[in-house]
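Remarks on the overall topology
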Amino acid sequence: MFGRKTKAVTPLDGVDVVLADLDGVVYTGPAAIPFAIDSLNRAAESIRVGYITNNASRTDQSVADHLTELGLTVAATDVVTSPQAAVRLLAEQAAPGSSILVVGGDGLVDEVQKAGFVVTRSALDDPAAVIQGFAPEVGWTELAEASFALASDVEGGGIPWIATNTDWTIPVARGIAPGNGTLVSAVHSAVGRLPIVAGKPEIAIFTEAVNRFQARHALFVGDRLDTDILGSNRAGIPSVLVLTGVDKAKHVLAADADSRPTFILGDLRELHEPYPETSFSRDRTTATVAGAAVRIRGNDVEITAEGDGAINLLRAACAIIWASGRPIYGLKVPERLTLWR
Ligand SMILES: [Mg+2]
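Position numbers for residues count from 1 along each chain, tracking the sequence in the order it is written. The predicted origin of the model limits local features to residues at a pLDDT of at least 70 and limits the giving and counting of side-chain atom pairs to 80 or more, whereas totals for whole chains, interfaces and linings rest on all residues. Where side-chain values are given, they derive from all heavy atoms of the structure, hydrogens and water being excluded.

1. Overview of the nonpolar core
Here is the rule: Remark: nonpolar core denotes a set of buried residues (Ala, Val, Leu, Ile, Met, Phe, Trp, Tyr, Cys) joined through side-chain atoms within 4.5 Å. For every residue, the accessible area obtained with a 1.4 Å probe (protein chains only) is divided by the maximum for its type, and the residue is called buried under 20%, exposed over 50%, and partly exposed between those limits. Note on conventions: DSSP H or I runs of at least 4 residues are helices, E runs of at least 2 residues are strands, and numbering of each starts at the N terminus.
Formed by 60 residues in total, the largest nonpolar core has its most connected members in Val 26, Tyr 51, Leu 67, Ile 264 and Leu 314. With 10 residues, helix H10 (residues 310-324) is the single largest residue contributor to this core. Judged by nonpolar contacts, the second largest core, of 29 residues, contains Val 17, Ile 131, Ala 209 and Phe 220.

Listed below in structure tokens is the structure:
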């Protein structure tokens with residue numbers, strides 16, 4: 001390790017398509033996240049950038065319009081939504097032209113119709129499947145129709161049930177509100193079945209994006225370990241966790257083996273900066289990232305060298321904690337690491 005000179009590479013090196021989550025990555029509420037717009041525009045000069053959203057209430061065009069207002073250059077075809085991924089699953093489950101019970105709004109209806117299905121709102125129309133996504137106007141009547149249509153399970157001759165996503169909550173202008181997962185759960189309570197799910201962390205939405213952009217070396221950028229990073233890992237796509245959204249240092253330190261990102265970034269400027277390599281001491285008790293070193297001794301996680309930047313301390317701490325195979329609750333982690341930022 002010492003004296004070895006390798007050219008440090010950025011997270012974007014070798015990447016042909018960047019797939020970016022929206023909330024917590026590009027914007028929070030109405031406002032763009034600092035450095036996100038410039039960094040994504042700069043990436044888009046040489047790499048295809050696509051945007052991925054679990055939110056089923058907006059069409060790809062309305063998402064593209066919003067991102068364009070924020071200063072990105074985005075066409076509707078650059079946006080992959082969970083309704084698009086859900087309709088891909090639907091096409092595997094129901095014959096073309098068949099009638100589909102849609103629980104959801106315009107974004108979902110639009111995609112179901114574009115794929116050549118007939119939309120119904122009533123279980124009495126003998127639908128071939130139920131597809132369910134969030135829309136603010138979904139109420140008891142729609143959930144009841146879905147429940148009637150899904151009364152038998154698949155083994156008992158019942159029809160398929162596809163959900164765009166199962167996010168428990170949805171962020172809206174006035175705060176956090178129940179999301180599609182909550183509404184799916186209401187139907188589940190009535191029928192005792194579970195849907196096939198298209199959105200993150202399931203892989204259908206990643207497959208839809210990789211196919212659409214013909215990605216061979218995609219990189220996913222997200223802010224949540226339990227959807228973005230878990231889903232990327234399931235789909236075999238390297239991932240960036242950017243700490244501008246939901247998950248912070250304490251969460252990534254505690255990430256389970258299925259939900260660990262390839263890269264940890266403080267903000268999206270670091271997409272364009274060299275990402276230092278991690279090295280381990282021979283006894284694998286110390287991890288070093290660009291001079292920042294963290295070791296585990298007994299149950300204590302200790303900073304042994306500050307290095308040149310706080311984010312490298314967090315990266316080194318993650319590396320040594322993850323490599324230890326030990327659960328985070330058995331370790332004493334300095335507050336400085338858990339509160340990074
Ligand atoms: Mg997000």
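2. Topic: the pattern of salt bridges
Condition: The salt bridge criterion pairs a side-chain nitrogen of Lys or Arg with a carboxyl oxygen of Asp or Glu, the two atoms within 4 Å.
Counted under the stated rule, the structure contains 15 salt bridges. Between Glu 111 and Lys 114 there is a salt bridge whose closest N-O contact spans 3.4 Å. Taken together, the positions of Glu 111 and Lys 114, both in helix H4 (residues 106-114) and 3 residues apart, correspond to about one turn of that helix. Between Arg 224 and Asp 226 there is a salt bridge, and its shortest N-O distance comes to 3.0 Å. Among the ionic contacts, a cluster of salt bridges with common partners joins Asp 21, Lys 200 and Asp 228.

3. A word on the sheet that holds strand E9 (residues 161-163)
The test is simple: Two strands make a pair as long as DSSP finds a minimum of two bridges between them. Any two residues having at least one pair of non-hydrogen atoms within 4.5 Å are treated as being in contact. Only the stretch in contact is used when a helix axis is fitted, and all axes are lines through C-alpha atoms; the angle between N-to-C directions ranges over 0 to 180 degrees.
If you walk across this open sheet you meet the 5 strands as E7-E6-E8-E9-E12, and the pairing is parallel. Where the open sheet ends on each side, the last strands, each with one partner, are strand E7 (118-120) and strand E12 (196-197). Relative to E9, strand E8 (residues 129-132) runs parallel, the two sharing 3 bridges. Bridge pairing in E9 places Val 130 opposite Trp 161. Together, strand E6 (99-103), E7 and E8 form the strand contacts of H4, whose direction differs from that of E6 by roughly 165°.

4. What to know about helix H5 (residues 140-149)
Taken residue by residue, H5 has Leu 143, Ala 144, Glu 145, Ala 146, Ser 147 and Ala 149 as its buried positions. Among the structural elements, E6, E8 and helix H6 (180-191) are those in contact with the buried residues of H5.

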